[in-house]
Amino acid sequence: MSRTPRLPSSLLRVAACTSVAALALTACGSGSGSGSTSSGSGTVKVGLITKTDTNPFFVKMKEGAEKAAKENGAQLMTAAGKFDGDNAGQVTAIENMVAAGVKGILITPSDSKAIVPAIAKAKAKGVLVIALDTPTEPESAVDALFATDNLKAGELIGEYAKAAMKGKTAKIAALDLAPGVSVGVQRHNGFLKGFGATEKDVACAQDTGGDQAKGQTAMENCLQKNPDINLVYTINEPAALGAYTALKAKGREKDVLIVSVDGGCTGTQAVKDGKIAATSQQYPLKMAAEGVKAVVTYAKDGKKASGYTDTGVTLITDKAQTGVTSKDTAFGLENCWG
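Our subject in this report is the structure included herewith. Small disclaimer: the values here were computed from a predicted structure and weren't measured. (Residues numbered from 1 in each chain as written. Predicted model: local features only at pLDDT ≥ 70, side-chain atom pairs only at ≥ 80, totals over all residues. Heavy atoms only, no water.)

**Things to note about the pairing of strand 4 (residues 128–132)**
1) Next: Taken across its 5 residues, strand 4 has 5 buried, putting it largely inside the fold.
2) Next: Neither face of strand 4 is left uncovered, since the one carrying L128, I130 and L132 and the one carrying V129 and A131 both have all their residues buried.
3) Next: Relative to strand 4, strand 3 (residues 104–107) runs parallel, the two sharing 4 bridges. Looking at strand 4, one finds that L106 is bridged to I130.
4) Next: For the crossover that starts at strand 3, traverses helix 5 (residues 116–124) and ends in the parallel strand 4, the hand is right-handed. (Buried < 20%, exposed > 50% of the residue type's maximum accessible area, 1.4 Å probe, protein only. Helix = DSSP H or I, 4+ residues; strand = E, 2+ residues; numbered from the N terminus. Pairing = 2+ DSSP bridges. Right-handed = clockwise from strand over helix to strand, strands pointing away.)

**Let's talk about the packing of helix 3 (residues 56–71) against helix 11 (residues 284–301)**
Two quantities define a packed helix pair, namely the angle between the axes and the distance from one axis to the other.
1) Next: Close contact between helix 3 and helix 11 brings their axes to 7 Å; oriented N to C, the two are set at 35°. Read as a crossing pair, helix 3 and helix 11 show a hand that is right-handed. Listed contacts from helix 11 to F57, K60, M61, G64, A65, A68 and A69 of helix 3 are P284, L285, M287, A288, A289 and V292.
2) Next: In terms of residue class, the contact of helix 3 with helix 11 is made up of 11 nonpolar, 1 polar and 1 charged. (Axes fitted to C-alpha atoms, helices over the stretch in contact; angles between N-to-C directions. Left-handed = near helix turned anticlockwise from the far one by under 90°. Contact = heavy atoms within 4.5 Å. Nonpolar A, V, L, I, M, F, W, Y, C, P; charged D, E, K, R; others polar.)

**Observations concerning the state of the cysteines**
1) Next: Counting across every chain of the model gives 2 disulfides.
2) Next: The disulfide partner of C265 is C336, and the S-S distance across this bridge is 2.0 Å. In this structure, the disulfide formed by C265 and C336 twists by about 90° around the S-S bond and is classed as right-handed. With a gap of 71 residues between them, C265 in helix 10 (residues 265–272) and C336 in the segment after helix 12 (329–334) connect regions that are remote in the sequence. (Disulfide = S-S within 2.5 Å.)

**Observations regarding the sheet that holds strand 2 (residues 75–80)**
1) Next: On the basis of which strands lie adjacent, the open sheet formed by 6 strands has the order 2-1-3-4-5-11 and parallel pairing. Bordering the open sheet on either side are strand 2 and strand 11 (307–310), each of which pairs with just one other strand. The sheet shows a mean angle of 20° between the axes of neighbouring strands, taken without regard to direction.
2) Next: Both strand 5 (residues 144–147) and strand 11 contribute to a ladder of 4 bridges, which runs parallel.

**Observations regarding the side chain of N230**
1) Next: Here N230 lies in the loop between helix 8 (212–225) and strand 8 (231–234).
2) Next: Overall, the relative accessible area of 14% leaves N230 in the buried class.
3) Next: Separated by 3.0 Å, the side chain of N230 and the backbone oxygen of T169 make a polar contact. (Polar contact = N/O pair within 3.5 Å; in protein donor to acceptor, adjacent residues only side chain to side chain.)

**Quick notes on the packing of aromatic side chains**
Here a ring pair, both rings aromatic, is described through the centre-centre distance and the interplanar angle of the planes.
1) Next: Here the structure, examined in full by the defined rule, presents 4 aromatic pairs.
2) Next: Ring plane angle 90° and centroid distance 5.4 Å describe the contact between F57 and F58, whose orientation is recorded as edge-to-face. The pair formed by F57 and F58 is uniform in burial state, with each residue classed as buried.
3) Next: Between F191 and F195 the ring centres are 6.0 Å apart and the planes differ by 25°, which places this aromatic pair in the stacked class. (Phe/Tyr/Trp six-rings, centres within 6.5 Å; stacked < 30°, edge-to-face > 60°.)

**Some remarks on the pattern of salt bridges**
1) Next: All chains considered together, the criterion is met by 8 salt bridges.
2) Next: For D262, the salt bridge goes to R187, with nearest N and O atoms at 3.3 Å. Highlighted residues: D262 in strand 9 (residues 257–262) and R187 in helix 7 (residues 182–195), separated in sequence by 75 residues. Grouping residues by exposure puts D262 and R187 together as buried.
3) Next: With a shortest N-O distance of 3.7 Å, E290 and K293 are connected by a salt bridge. (Salt bridge = Lys/Arg side-chain N within 4 Å of Asp/Glu carboxyl O.)

**With respect to unusual backbone geometry**
1) Next: Along the chain, E137 connects to P138 via a cis peptide bond; the corresponding omega equals 5°.
2) Next: On the secondary structure map, P138 appears in the loop between strand 4 and strand 5.
3) Next: Even without being glycine, D262 reaches a positive phi, approximately 145°.

**Considerations on the side chain of T234**
1) Next: Secondary-structure assignment places T234 in strand 8.
2) Next: Of note is the side chain of T234, whose polar atom sits 2.8 Å from the side chain of S260.
3) Next: With near-sequence residues (within four places) excluded, T234 lies in contact with L175, A239, A240, I258, V259, S260 and V261.

In structure tokens form, the structure reads like this:
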């Protein structure tokens, strides 16, 4: 992985000031890194660092943080990696925010292990650090985690797929994220658990990076390897739509069941349109909003959020199956993101 060159601390403070004009100059100028709550006006400063600023999931997360900051009289500073996996960019963002005097940082770590030393430095200076969506490794590296239960999200679509297959022998294609990424591993394992399957039951497994084009290529590869695949698990809806495109090109879109996770508006519409059978919907806006509130509470009374907070997941489908709790796409579209 390429790494962004580290800037001297003086330049980091300048970057922190210039990137967010609303921040008070005194917070940037001192560089004390004490995690002080005030900027002269006593406004609590909250940092949000996402994996990217283009993924609709993180766009919605930012919207949730902005709304919560406004409602709670806090000042929000935001940053994002240049790409999913840009750990160096996230490290720089943490350093900028600590220098700017944030009281708390909300982060979706791109590299759950490599980010830990930077988080430890921020915490040592009195900054509350909360992971959103993606846990660090170890999870205890942050003060708290606000996220979807990704294992449960996988289980829900696994249970749904088992019921929808109605006793037919499943030939499974698993379109995964990337090796070792906790979110992808949890969803994959949850799906197998919910379906009552093991790795031996997976006819083809391919990594997609959660990308639609890569999802299409992965599905094409799986169909070449095993033309009889009749069930497709995907890490997210872009990968699912890529799989659908590949299946449609082979005239197989009607007889292959596709299930996924995320609940974005495009993906939920694809469920309504019959391209995806079901998806597990998660709620990034809630993650961010609850995170901002936790930082404000910490700033005001010193009470730290701790442990894991499940921000919820709902199975969305218009083809409900007996024994599997779900809601329809009307609900899904009212609560989707992107």
